[in-house]
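# Topology and contacts: notes
Here is what each chain is made of, one letter per residue.
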Amino acid sequence: MTRDEERLQELLEKQQAGLLKAADRYEIPSQPMPAQDAVRRRSNIDEVALGYTETQARLEAMRCLQCKNAPCVQGCPVRIRIRDFVAAIAEGQYDQALSIIRENSLLPAVCGRVCPQEVQCQETCTVGRKFRDVEKSVSIGRLERFVADRDKGGSLPKIAPPTGKKVAVIGSGPGGIVCAADTRRAGHDVTVFEAFHKPGGVMVYGIPEFRLPKAIVQDEIDVLKKMGVQIVCNFIIGRTRTIGELMKEDGFDAVYIGVGAGLPRFMGIEGEQLVGVYSANEYLTRSNLMRAYEFGKGSDTPIARSRRVAVVGGGNVAMDAARTAVRLGAEKVYLVYRRSEKEMPARIEEVHHAKEEGIEFHILQNPKRILGDELGNVVGIECLRYELGEPDDSGRRRPVPVAGSEFVLDVDTVIVAIGNGANPLIQQTTPELEFNKWGNIVVDEKCATSMKGVYAGGDIVLGAATVILAMGQGRTAAAAINEYLTQP
Amino acid sequence: MRIGDVLFQEVIVTYKIVSKKQLSDNVFTVEVEAPLIARARKAGQFVIVGVSDEYGERIPLTIAGADPDKGTIRLVFQRVGKTTAQMADMNVGDSFGYVAGPLGRPTHVEKFGTVVCVGGGIGTAPLLPIATAMKQAGNTILSILGARNKELLILEEEFRAVSEEVIVVTDDGSYGRKALVTEPLKELCQRDPKPNLAVAIGPAIMMKFCCETTRPFQVPTVVSLNTIMVDGTGMCGGCRVEVGGKTKFVCVDGPEFDGHQVDFDQMMKRMSAYHKQEQQAHQAYQEHRCKIGLDRK
Ligand SMILES: Cc1cc2nc3c(=O)[nH]c(=O)nc-3n(C[C@H](O)[C@H](O)[C@H](O)COP(=O)(O)OP(=O)(O)OC[C@H]3O[C@@H](n4cnc5c(N)ncnc54)[C@H](O)[C@@H]3O)c2cc1C
Ligand code: FES
């Protein structure tokens with residue numbers, strides 16, 4: 001028996017005897033996530049976080065105090081009964097834990113990996129509060145992943161008898177997948193339309209393999225297919241067929257729009273048209289969806305062979321781009337971010353991983369212009385240093401430029417990861433639909449749009465959001481669609 | 001499941017090639033089954049084609065024509081890289097991995113008066129539906145078709161059918177006038193009355209010089225840009241160009257723009273970004289082809 005197994009045994013015995021106190025639980029060390037070696041993983045695309053062992057999972061679960069008011073549940077955007085599923089893991093009841101999660105979330109293997117837990121459930125965790133360190137909270141996300149990964153699938157949800165109603169789901173991101181599953185369960189005839197040649201949305205073309213293996217997303221798509229959902233790829237709503245046509249000519253009774261974000265933002269500085277400047281979306285799509293990292297070995301999509309790369313931004317997208325650049329062989333990767341590290345919107349784990357992989361963080365710096373040679377290739381990026389000034393309206397101290405602090409980073413590639421605007425296609429082709437001034441679709445609390453029978457959710461409604469929020473809206477919309485379609 | 005009257009099931013939509021013709025040494029035209037695109041498409045739009053479903057490259061091709069009744073679209077492509085070489089090796093009965101579209105905004109068609117249509121090389125193909133639509137809208141069409149030599153000139157007859165006048169130029173003088181397209185374009189601009197609109201489609205360098213030619217005469221000039229693309233739906237920004245000092249996305253804001261506003265020099269540099277890698281891939285494919293004996297056909 002290993003030391004951890006012994007410890008678990010002792011704790012279990014104590015618990016059985018009713019002697020396990022909060023103080024004992026506090027003493028259990030927070031379980032580290034096993035990870036692939038930082039040097040080795042620089043040259044492969046395999047998943048970095050390897051997942052808890054059973055002993056680790058049960059030890060971690062035993063750290064949970066089972067608070068009466070369960071503050072973690074309040075922190076979860078879809079209100080998973082976290083306290084209860086963690087208790088089930090502590091008892092070794094993994095199937096039960098999974099079914100508790102499934103009551104509220106359809107994609108636990110995905111969310112366990114990519115949710116920003118430290119600003120959701122784990123932020124409000126009493127254990128973390130006690131240690132005044134959110135990284136000491138119970139690792140709810142890792143536990144979620146643990147039970148999801150143990151599930152070998154197989155059992156399909158029950159599907160109600162056919163209603164004869166047809167639902168179109170536009171976009172196969174997390175919102176679309178969940179909306180399709182929930183409306184199909186109600187017995188409707190459901191078709192998912194996807195513009196790309198592979199379904200999965202950002203989970204497939206954006207988030208890299210080393211953080212979210214594509215096989216996990218594929219499993220979810222396969223479940224949809226087995227449930228009888230039709231998935232039609234290479235079909236661009238607004239172009240191949242409009243929403244109006246789907247409803248008037250093709251007999252769809254309800255539509256969910258989950259087309260995600262679009263139009264990557266650029267900084268509007270000199271040199272952004274140079275060769276070697278990418279949006280993170282383009283860089284990641286080339287590498288993930290089109291497997292540019294295998295260029296010449298099965299993939300035909302090229303990508304810059306960069307030596308020195310600057311990534312601009314501080315979110316998950318920026319981390320993903322920087323870490324992808326490392327894996328594509330860059331010798332030096334800089335991450336340039338305008339605010340301080342505390343303000344970085346990326347998941348803490350990704351920030352740690354990025355640093356371990358040798359990415360050099362340039363905090364409180366911002367690009368001023370990109371320098372090019374006579375052939376139009378990037379040869380450097382000029383940045384300006386910032387310092388924290390007075391707090392702004394949000395209470396965050398606003399970064400202000402330090403005059404005369406310009407300096408140049410010697411790079412051949414610049415990847416811009418400062419966010420996206422809205423996807424313009426639906427707006428261009430659906431005049432009946434109401435959009436706000438940023439191009440996002442306006443919906444009510446049931447995710448209903450201004451068009452009868454048409455619902456929307458995810459990034460196209462929220463702007464840049466998260467997988468869990470998109471999933472939550474897919475659910476809300478599905479419930480509303482199911483209700484709408486049963487009206488006489 | 002049916003959409004329109006098209007039966008939709010993964011296996012039934014096959015993007016099958018129903019006819020294929022070699023127009024010149026490296027230029028091919030195929031008719032492909034894509035019923036919904038054939039019906040929805042308008043002049044000026046393009047599709048994204050993938051040879052294989054898996055990790056093949058996604059390449060944009062302008063739609064050169066469509067038969068909504070037969071449910072087919074016509075594509076014209078030039079063998080330049082690995083993907084187009086693979087396409088050239090496909091035959092009637094073979095299927096593309098996918099064809100997605102129609103993408104981009106359609107050409108703005110109205111009665112302008114006299115429209116000069118300038119096509120260079122394979123750009124002549126996407127120009128044809130525009131010339132046709134302009135003619136149908138009541139315009140007088142004057143066409144200038146350019147090619148490196150006689151053998152590379154395509155679609156002359158089709159253009160004669162819609163044009164009042166067709167001027168053919170070749171670089172080597174093997175057919176028509178020995179000149180660049182800009183020469184007759186300038187002459188047409190000098191006529192009184194001058195043309196009301198020019199539409200130029202061809203290599204970036206040709207479009208650039210067409211715009212320089214028409215600019216002093218203030219003849220509005222539309223160009224159709226063929227930049228690098230990935231998704232074609234406005235998500236990646238790979239297709240961006242500067243138009244009038246603003247960043248535009250060719251796949252959703254274009255592909256047609258006011259040529260007098262386009263920064264062609266930047267665009268040409270960006271278009272050559274992957275030149276070296278593409279040549280490597282093409283070469284590797286040619287060697288592979290040799291080995292499996294394809295090139296003996
Ligand atoms: C690189 C990257 C990393 C991220 N990391 C995280 C993370 O760690 N944690 C997290 O919670 N969130 C993360 N996000 C954000 C998260 O992925 C998104 O918020 C979420 O995927 C949005 O889901 P969605 O349902 O709106 O659809 P999306 O996933 O955006 O998918 C939309 C789909 O619709 C398709 N589509 C678009 N237009 C059309 C059309 N006209 N017709 C048919 N189909 C169309 C698109 O091709 C796409 O497949 C990340 C995003 C990116 C880009
Ligand atoms: S091709 Fe990606 S945005 Fe235009």
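The structure this text deals with has already been given above.
All of the points below concern the structure found in this document. (Residues numbered from 1 in each chain as written. Chains lettered and ligands numbered in written order. Predicted model: local features only at pLDDT ≥ 70, side-chain atom pairs only at ≥ 80, totals over all residues. Heavy atoms only, no water.)

The number of helices and strands found in chain B is nine helices and 17 strands. Expressed as a percentage of the 297 residues in chain B, the buried residues total 55%. By sequence separation, contacts in chain B at least 24 residues apart represent 65% of the contacts at least 6 residues apart. Total accessible area computed for chain B in this model is approximately 12600 Å², and 48% of it derives from carbon and sulfur atoms. (Helix = DSSP H or I, 4+ residues; strand = E, 2+ residues; numbered from the N terminus. Buried < 20%, exposed > 50% of the residue type's maximum accessible area, 1.4 Å probe, protein only. Contact = heavy atoms within 4.5 Å. Areas by Shrake-Rupley, 256 points an atom, 1.4 Å probe, with all protein chains shown as cover.)

All names here are of chain B. In this model, helix α3 (residues 124-136) (13 residues) spans 18 Å end to end at C-alpha, consistent with the 18 Å of a helix rising 1.5 Å per residue. Of all 13 residues in α3, 10 are buried, a share of seventy percent or more. Every buried residue of α3 is accounted for by T124, A125, P126, L127, L128, P129, I130, A131, A133 and M134. (Expected span 1.5 Å × (residues − 1).)

Residues and elements named next belong to chain B. Taken in spatial order, the six strands make up an open sheet running β3-β4-β7-β6-β5-β8, and their pairing is antiparallel. Across the chains shown, the open sheet's two edge strands, defined by having one partner strand only, are β3 (17-22) and β8 (98-103). Taking the axes of each pair of neighbouring strands and ignoring which way they run, one obtains an average angle of 30° across the sheet. Taken together, the four bridges between strand β6 (residues 58-67) and strand β7 (residues 72-78) define a ladder with antiparallel strand orientation. For G65, the partnering residue across the bridge sits in β7 and is R74. Of the strands in this sheet, β6 and β7 touch α3, which is tilted by about 40° from β6. (Pairing = 2+ DSSP bridges. Axes fitted to C-alpha atoms, helices over the stretch in contact; angles between N-to-C directions.)

Let's shift gears to the packing of aromatic side chains. All names here are of chain A. Counting across every chain of the model gives eight aromatic pairs over all chains. Centroid distance Y94 to F146: 5.2 Å. Interplanar angle 85°. Geometry classified as edge-to-face. Of the two residues, Y94 is situated in helix α6 (residues 94-104) and F146 in helix α9 (residues 140-150); the sequence distance between them amounts to 52 residues. The two residues Y94 and F146 agree in class, both being buried. In textbook terms, an aromatic cluster arises when at least three aromatic residues are bridged by ring pairs, as seen for F193, F235 and F252. Sitting above the plane of the F131 ring, K136 keeps its charged end 5.9 Å from the centroid. Its end group placed over the ring of F210, R327 keeps NZ or CZ at 3.9 Å from the ring centre. (Phe/Tyr/Trp six-rings, centres within 6.5 Å; stacked < 30°, edge-to-face > 60°. Lys NZ or Arg CZ within 6 Å of the ring centre and 35° of its normal.)

With that out of the way, let us pick up the pattern of salt bridges. All names here are of chain A. Overall, the coordinates contain 41 salt bridges over all chains when judged by the stated rule. We note a salt bridge from R286 to E282, for which the minimum N-O separation is 2.9 Å. Linking R286 with E282, this pair stays in helix α14 (residues 280-288), spanning four residues, or about one helical turn. Residue R286 shares its accessibility class with E282, and that shared class is buried. (Salt bridge = Lys/Arg side-chain N within 4 Å of Asp/Glu carboxyl O.)

Residue and element names in this part refer to chain A. Around ligand 1, 35 residues are found, and the nearest of them are V114, E194, R211, I237 and D459. Take V467: an N or O atom from its main chain is 2.9 Å from an oxygen atom of ligand 1. Burial of ligand 1 by the protein chains amounts to 96% of its free accessible area of 1000 Å². Contributing elements (two or more residues each) for the shell around ligand 1: α10 (174-185), α11 (202-205), α15 (316-327) and α19 (467-486). At three residues, α15 tops the list of elements feeding residues into the shell around ligand 1. (Near = heavy atom within 4 Å. Polar contact = N/O pair within 3.5 Å; in protein donor to acceptor, adjacent residues only side chain to side chain.)

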